[in-house]
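Chain and residue survey
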Amino acid sequence: MPRLLAIVLLGLALNVAQADTALFSPQGYRITQYRSPTPASADGAQTLDTESLQRLLGQTPAPVLIDVYRRPWVQGQFIDTEPHANLPGSLWLANTGDGELDATWQDYFSFHLRKATAGRMDQPLVFYCRSDCWLSWNAVKRAATMGYKHLYWYRDGLDAWEAANLPLQAARPEPFP
């Protein structure tokens, strides 16, 4: 009997451990532990390092830079808990890299992408956050699903830009339409 009890308890423990390790939604978006090591690439996008991004910024058409770093949203407004800076010229589409977006946040993401690209699905888009941040990986995946064609993932994001002593600008999230 003790052996059977041990097997049952082990099985329960494994089931609990498996439930805690559900890192991805059924659609393949990362839904938890956003600040953890990321893969080397994101499907549908070219991964950029800082030097590659600088070259891309000099091309025509210039890419649209999209920061997806999170910002608390309370009672219909973003709450400034700490200053945030981003790469000059970036749009800050806060919270759109979350793994699960409700219709309101999906509309916010879609609206600002359409506005930034003038509805052109071939406009180059660069998504970033911080290093070891799945939010930008999710956002790239989401943009690819929406049909955008020229996608880039600045994998090490703001941290790499800062480490290269490149300029930053104070940022505010784009308002809800």
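Above this text is the structure in question.
These notes cover the structure that comes with them.

What counts, and where the lines are drawn
Residues numbered from 1 in each chain as written. Predicted model: local features only at pLDDT ≥ 70, side-chain atom pairs only at ≥ 80, totals over all residues. Heavy atoms only, no water. Axes fitted to C-alpha atoms, helices over the stretch in contact; angles between N-to-C directions. Helix = DSSP H or I, 4+ residues; strand = E, 2+ residues; numbered from the N terminus. Parallel < 35°, antiparallel > 145°, perpendicular 65-115°, else oblique. Contact = heavy atoms within 4.5 Å. Nonpolar A, V, L, I, M, F, W, Y, C, P; charged D, E, K, R; others polar. Core = buried A, V, L, I, M, F, W, Y, C linked by side-chain atoms within 4.5 Å. Buried < 20%, exposed > 50% of the residue type's maximum accessible area, 1.4 Å probe, protein only. Pairing = 2+ DSSP bridges. Lys, Arg positive; Asp, Glu negative; His and termini not counted. Salt bridge = Lys/Arg side-chain N within 4 Å of Asp/Glu carboxyl O.

**Some details on the packing of helix 3 (residues 103-117) against helix 4 (residues 134-145)**
The geometry of helix 3 relative to helix 4 is characterised by a closest axis approach of 12 Å and an angle of 70° between their N-to-C directions. In terms of orientation, helix 3 and helix 4 fall into the roughly perpendicular class. Contacts between helix 3 and helix 4 involve Q106, F109 and L113 from the first element and A139, R142 and A143 from the second. The class makeup of the residues in the contact of helix 3 with helix 4 is four nonpolar, one polar and one charged.

**As for the nonpolar core**
Core analysis: the largest hydrophobic core is formed by 29 residues, its most contacted members being I66, L113, L125 and F127. Broken down by secondary-structure element, the contributors of at least two residues to this core are strand 2 (64-67), strand 6 (91-92), helix 3, strand 7 (125-128), helix 4 and strand 8 (151-154). When residues of this core are assigned to their parent elements, the largest contribution, six residues, is made by helix 4. Beyond its immediate stretch of four places on either side in the chain, L113 contacts I66, L93, L125, F127, A143, M146 and Y148.

**Digging into the sheet that holds strand 2**
With parallel pairing, the five strands of this open sheet are ordered in space as 1-8-7-2-6. In this open sheet, the two edge strands, each paired with only one partner strand, are strand 1 (45-48) and strand 6. Pairing of strand 1 with strand 8, which is carried by four bridges, proceeds in the parallel orientation. Within the sheet, the bridge partner assigned to T47 lies in strand 8 and is W153. Helix-sheet contacts for helix 2 (residues 50-57) involve strand 1, strand 2, strand 7 and strand 8, and the interaxial angle to strand 1 is about 115°. In this fold helix 3 packs onto strand 2, strand 6 and strand 7, with an angle of close to 140° to the strand it touches most, strand 7.

**Focus on the side chain of E174**
Within the fold, E174 resides in the segment after strand 9 (169-170). Buried within the structure, E174 lacks any salt-bridge partner; its nearest side chain of opposite charge belongs to K115, at an N-O separation of 5.3 Å. What E174 contacts, discounting residues up to four positions off in sequence, is F78, L91, W92, L93, Y108 and H112.

**Brief notes about the pattern of salt bridges**
Opposite charge on two side chains permits them to pair, given that their charged atoms come into close proximity. Counted by the stated rule, this structure contains eight salt bridges. Across the pair R55 and E51 runs a salt bridge, and its minimum N-O distance is 3.0 Å. Taken together, the residues R55 and E51, both in helix 2 and four residues apart, mark about one turn of the helix. We classify R55 as partly exposed; its relative accessible area is 48%. Between R70 and D98 there is a salt bridge, and its shortest N-O distance comes to 2.9 Å. In this pair, R70 is assigned in the loop between strand 2 and strand 3 (73-74) and D98 in the loop between strand 6 and helix 3, connecting sequence segments 28 residues apart. Looking at R70, the relative accessible area reads 40%, which means it is partly exposed. D98 gets classed as buried once you look at its relative accessible area, which sits at 13%. Where salt bridges share partners, they join R35, R130, D159 and E162 into one cluster.

**Considering unusual backbone geometry**
Omega for the bond connecting T60 with P61 falls within 30 degrees of zero, at -5°, which places this linkage in the cis form. Structurally, the position occupied by P61 is in the loop between helix 2 and strand 2. Even without being glycine, D132 reaches a positive phi, approximately 50°. Relative to the elements of secondary structure, D132 occurs in the loop between strand 7 and helix 4.

So far we have only geometry, and geometry alone does not tell us how the molecule works.
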